[in-house]
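Here's the letter readout for the chains.
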Amino acid sequence: MEIKKELWGKSECGKEIFRYTMTNSKGAYVQLSSIGAGIVSVVVPDREGKLADVVLGYPDPMSYFGDGPCAGKIPGRYANRIAAGRFVLDGKEYDLPINNGPNHLHGGPEGFQNKVWESRVNGDSVEFLYYSEDGEMGYPGALKAVARYDWSEDNSLRLTITAESDAPTVVNLTNHAYFNLNGEGNGDILGHILKLNASEYLPTDDTLIPVGESEPVAGTPMDFISAKPLGRDIREDFPALNYGKGYDNCWVIDGAESGQIQSAAELYAPESGRTLEVLTTQPGVQIYTGNWLAGCPEGKCGRSYNDYEGVAIECQNYPDAPNKSDYPCAVLRPGEVYEQAIIFAFGVK
């Protein structure tokens, strides 16, 4: 494994931004950035062996700061939404910034995704570290988060995320990469075939906050138990699709057990033959079909992306879990270690 580290730029406050390129013996490679510990590129072969970059992103590192799509980065301290920007922990109420309609999204406007993380090469891995101070974006406790990426000879990218806090807090970390298996800038992903290991999903209100218990996907446009094109039902008159202008919901991964890696999703692009299997230890997977990509910064393809040109497969805890006692616990206490893993395994067929 060859790993190259380069200075990619400097933030507005003068902090150095580094980009890492991890290349395996077959020439397939991944690029990572210290902005949000993000995935910048994944360059893998199609069925004819032609390499292409299958991750949406920007050529200018400064475009990654404050971008609406949160492209490729790790949002936090709590990925996804917290209703009304409030939660109660150990009897105390905490108020968080409102930055998505009436709700708090991805840790707020100065969330982990908009920070320059410390970074290093560690053997065959690239590691990123971010130290979040007590009270940052309203969250209690000083929290140390570490993201480690490993790139394999068989084109699998493994992300391991750990966190520790010096006081009780809530945490939910994932990666927000957008995939287009025909290559970024090559049209929409509505023809991509998706299969989910999830027989239930979380219905939401019109602000995309879950309203309670999960419901079966059977008989609804949310059913991906059998593989189908992302665009087949996306225009259906169905609450979840109307609220988000497409898919932007969390599915409950069947048989999820704490600490156990299992398959969450399989994506296939018939045109290129590229495949992506996503495996995780997380209990849920948010599928977001890039419904609001238009107007984002100029992409690597030389133009701004249009809506539906990438799909995010975000393995995570459930949205608003800090406010719902029957959801998987989002609380991290001193002496505990938050640890989750996500594997993006690329192939062809």
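These notes cover the structure that comes with them.

About the thresholds
- Residues numbered from 1 in each chain as written.
- Predicted model: local features only at pLDDT ≥ 70, side-chain atom pairs only at ≥ 80, totals over all residues.
- Heavy atoms only, no water.
- Pairing = 2+ DSSP bridges.
- Helix = DSSP H or I, 4+ residues; strand = E, 2+ residues; numbered from the N terminus.
- Axes fitted to C-alpha atoms, helices over the stretch in contact; angles between N-to-C directions.
- Buried < 20%, exposed > 50% of the residue type's maximum accessible area, 1.4 Å probe, protein only.
- Salt bridge = Lys/Arg side-chain N within 4 Å of Asp/Glu carboxyl O.

### Points about the sheet that holds strand β5 (residues 51–53)
Two modes of strand pairing occur in sheets, parallel and antiparallel, and in both the strands are linked by backbone hydrogen bonds.
Thinking step 1. Strand order in the open sheet formed by 5 strands is β1-β2-β3-β4-β5, and the pairing between neighbours is antiparallel. Sheet topology places β1 (2–10) and β5 at the edges, where each strand pairs with a single neighbour. Strand-to-strand twist across the sheet, computed as the mean angle between neighbouring axes with direction ignored, equals 15°.
Thinking step 2. In this structure, strand β4 (residues 38–45) lies alongside β5, joined through 3 bridges in antiparallel fashion. Opposite Pro45, over in β5, you have Leu51 as the bridge partner.

### Notes on unusual backbone geometry
Thinking step 1. For the bond from Gly76 to Arg77, the omega torsion is 15°, close enough to zero to count as cis.
Thinking step 2. With respect to the element layout, Arg77 can be found in the loop between β5 and β6 (81–82).
Thinking step 3. Of note, the phi angle at Ala37 is positive, near 50°, even though the residue is not glycine.
Thinking step 4. Look at Asn80: it is not a glycine, yet its phi comes out positive at around 75°.
Thinking step 5. As for its position among the elements, Asn80 is in the loop between β5 and β6.
Thinking step 6. Since its relative accessible area comes to 2%, Asn80 is described here as buried.

### Some details on the pattern of salt bridges
Thinking step 1. Throughout the structure, instances matching the rule amount to 15 salt bridges.
Thinking step 2. For Arg148, the salt bridge identified is with Asp150, shortest N-O distance 3.1 Å.
Thinking step 3. Of the charged contacts in the structure, one is a salt bridge between Lys324 and Asp320, with a shortest N-O distance of 2.6 Å.

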